[in-house]
Amino acid sequence: MILVSDPIFGEVELTGSAVELARLAGAVAEGTGFISSTSATALGSEALTGVEVREAPGPGVLIHLDSQRQILVISGDPVARALFAGNLDAMATVMADVDGGGHRHIDHFPGHPYLVEGSVPLVVGIPGEGPPTL
(Lines give C-alpha, C1' and ligand atoms only; values in the text may rest on other atoms or scores of the structure.)
Protein backbone atom coordinates (compact mmCIF):
# COMPACT_ATOMS: atom_id res chain seq x y z
CA MET A 1 0.00 0.00 0.00
CA ILE A 2 1.18 3.51 -0.79
CA LEU A 3 0.02 6.48 1.31
CA VAL A 4 0.70 10.02 0.18
CA SER A 5 -0.41 13.28 1.76
CA ASP A 6 -1.14 16.04 -0.73
CA PRO A 7 -0.81 19.35 1.14
CA ILE A 8 -2.00 21.38 -1.86
CA PHE A 9 -5.40 19.66 -2.09
CA GLY A 10 -5.51 18.69 1.62
CA GLU A 11 -6.23 15.05 0.91
CA VAL A 12 -4.54 11.69 1.42
CA GLU A 13 -4.12 9.28 -1.48
CA LEU A 14 -4.18 5.60 -0.55
CA THR A 15 -3.25 3.18 -3.33
CA GLY A 16 -3.24 -0.57 -2.82
CA SER A 17 -4.26 -3.92 -4.18
CA ALA A 18 -7.70 -5.38 -3.50
CA VAL A 19 -6.06 -7.62 -0.88
CA GLU A 20 -4.47 -4.62 0.86
CA LEU A 21 -7.76 -2.71 0.86
CA ALA A 22 -9.53 -5.78 2.27
CA ARG A 23 -6.91 -5.96 5.04
CA LEU A 24 -7.52 -2.27 5.80
CA ALA A 25 -11.29 -2.87 5.83
CA GLY A 26 -10.75 -5.70 8.33
CA ALA A 27 -8.70 -3.45 10.63
CA VAL A 28 -11.36 -0.72 10.39
CA ALA A 29 -14.10 -3.23 11.25
CA GLU A 30 -12.08 -4.56 14.22
CA GLY A 31 -11.21 -1.08 15.46
CA THR A 32 -7.53 -1.80 15.86
CA GLY A 33 -4.40 -2.29 13.81
CA PHE A 34 -1.53 -0.69 11.99
CA ILE A 35 -0.84 -1.21 8.29
CA SER A 36 2.52 -0.07 6.98
CA SER A 37 2.93 1.62 3.64
CA THR A 38 5.74 1.58 1.14
CA SER A 39 7.63 4.75 0.41
CA ALA A 40 6.65 6.49 -2.82
CA THR A 41 5.86 10.14 -3.31
CA ALA A 42 4.70 12.33 -6.11
CA LEU A 43 6.19 15.76 -6.63
CA GLY A 44 4.91 18.17 -3.97
CA SER A 45 3.53 15.45 -1.69
CA GLU A 46 4.67 13.66 1.46
CA ALA A 47 4.90 9.89 2.03
CA LEU A 48 3.13 8.53 5.09
CA THR A 49 4.39 5.50 7.02
CA GLY A 50 1.04 3.78 7.48
CA VAL A 51 -2.54 3.72 8.72
CA GLU A 52 -3.43 3.30 12.38
CA VAL A 53 -6.97 2.23 13.28
CA ARG A 54 -8.39 2.93 16.75
CA GLU A 55 -11.65 2.49 18.59
CA ALA A 56 -13.19 5.75 19.74
CA PRO A 57 -16.52 6.85 21.17
CA GLY A 58 -18.88 7.97 18.45
CA PRO A 59 -20.74 8.99 16.74
CA GLY A 60 -18.95 8.53 13.46
CA VAL A 61 -15.50 7.95 12.01
CA LEU A 62 -12.76 10.56 12.03
CA ILE A 63 -9.95 10.30 9.48
CA HIS A 64 -7.06 12.55 10.39
CA LEU A 65 -3.41 13.00 9.66
CA ASP A 66 -0.93 12.70 12.51
CA SER A 67 1.74 14.90 10.93
CA GLN A 68 4.22 14.39 13.73
CA ARG A 69 4.24 10.59 13.27
CA GLN A 70 3.47 10.76 9.52
CA ILE A 71 0.52 8.36 9.76
CA LEU A 72 -3.13 8.40 8.80
CA VAL A 73 -5.38 7.70 11.79
CA ILE A 74 -8.87 6.24 11.42
CA SER A 75 -10.92 6.21 14.62
CA GLY A 76 -14.57 5.75 15.43
CA ASP A 77 -17.38 3.82 17.00
CA PRO A 78 -18.18 0.22 15.96
CA VAL A 79 -21.31 1.03 13.92
CA ALA A 80 -19.68 3.80 11.88
CA ARG A 81 -16.49 1.76 11.41
CA ALA A 82 -18.58 -1.16 10.12
CA LEU A 83 -20.17 1.14 7.51
CA PHE A 84 -16.75 2.46 6.45
CA ALA A 85 -15.27 -1.06 6.33
CA GLY A 86 -18.14 -2.23 4.13
CA ASN A 87 -17.57 0.73 1.83
CA LEU A 88 -13.84 -0.09 1.56
CA ASP A 89 -14.64 -3.74 0.76
CA ALA A 90 -17.16 -2.73 -1.91
CA MET A 91 -14.74 -0.25 -3.49
CA ALA A 92 -11.97 -2.85 -3.60
CA THR A 93 -14.25 -5.38 -5.28
CA VAL A 94 -15.57 -2.95 -7.89
CA MET A 95 -12.20 -1.37 -8.68
CA ALA A 96 -10.47 -4.75 -8.92
CA ASP A 97 -12.97 -5.75 -11.62
CA VAL A 98 -12.32 -2.61 -13.68
CA ASP A 99 -9.59 -2.98 -16.30
CA GLY A 100 -7.06 -0.29 -15.53
CA GLY A 101 -7.93 -0.05 -11.83
CA GLY A 102 -9.72 3.01 -10.55
CA HIS A 103 -10.15 5.34 -7.61
CA ARG A 104 -12.89 6.68 -5.35
CA HIS A 105 -13.11 9.79 -3.21
CA ILE A 106 -14.25 9.65 0.41
CA ASP A 107 -15.16 13.14 1.63
CA HIS A 108 -17.28 14.40 4.50
CA PHE A 109 -20.48 16.27 3.64
CA PRO A 110 -23.39 17.28 5.89
CA GLY A 111 -25.40 14.16 6.70
CA HIS A 112 -22.59 11.75 5.71
CA PRO A 113 -23.52 8.26 6.95
CA TYR A 114 -20.27 7.67 8.87
CA LEU A 115 -17.66 10.43 8.44
CA VAL A 116 -17.54 13.31 10.90
CA GLU A 117 -16.75 16.91 10.08
CA GLY A 118 -13.02 17.56 10.09
CA SER A 119 -12.14 14.25 8.43
CA VAL A 120 -9.33 14.44 5.90
CA PRO A 121 -10.55 13.71 2.34
CA LEU A 122 -9.32 10.32 1.20
CA VAL A 123 -8.70 9.13 -2.35
CA VAL A 124 -8.65 5.32 -2.44
CA GLY A 125 -7.32 3.60 -5.53
CA ILE A 126 -6.24 0.32 -7.03
CA PRO A 127 -3.56 0.42 -9.70
CA GLY A 128 -4.38 -1.35 -12.93
CA GLU A 129 -2.95 -2.25 -16.28
CA GLY A 130 -3.88 1.07 -17.85
CA PRO A 131 -2.65 4.58 -17.12
CA PRO A 132 -2.31 5.60 -13.46
CA THR A 133 -5.54 6.78 -11.87
CA LEU A 134 -4.07 8.80 -8.99
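Preceding this section is the structure that the text describes.
Scope of this entry: the structure provided in the associated data block. It should be emphasised that the depicted structure is a prediction, and the values quoted were computed from it without experimental measurement. (Residues numbered from 1 in each chain as written. Predicted model: local features only at pLDDT ≥ 70, side-chain atom pairs only at ≥ 80, totals over all residues. Heavy atoms only, no water.)

## A look at the environment of Ile106
Phase 1 of the analysis: Mapped onto the secondary structure, Ile106 falls in strand β8 (residues 101-106).
Phase 2 of the analysis: Taking the C-alpha atoms as reference points, Ile106 and Asn87, separated by 19 residues in sequence, lie 9.6 Å from one another.
Phase 3 of the analysis: When sequence neighbours within four positions are dropped, the list of residues in contact with Ile106 reads Phe84, Leu88, Met91, Tyr114, Leu115, Val120, Pro121, Leu122 and Val124. (Helix = DSSP H or I, 4+ residues; strand = E, 2+ residues; numbered from the N terminus. Contact = heavy atoms within 4.5 Å.)

## Here's the deal with the pattern of salt bridges
Phase 1 of the analysis: Taken as a whole and judged by the stated rule, the model has 3 salt bridges.
Phase 2 of the analysis: When the shortest N-O distance is used, the salt bridge between Arg54 and Glu52 registers 2.7 Å.
Phase 3 of the analysis: Classification of Glu52 by relative accessible area gives buried; the value is 17%.
Phase 4 of the analysis: It is possible to trace a salt-bridge network through shared partners that takes in Glu52, Arg54, Asp66 and Arg69. (Salt bridge = Lys/Arg side-chain N within 4 Å of Asp/Glu carboxyl O. Buried < 20%, exposed > 50% of the residue type's maximum accessible area, 1.4 Å probe, protein only.)

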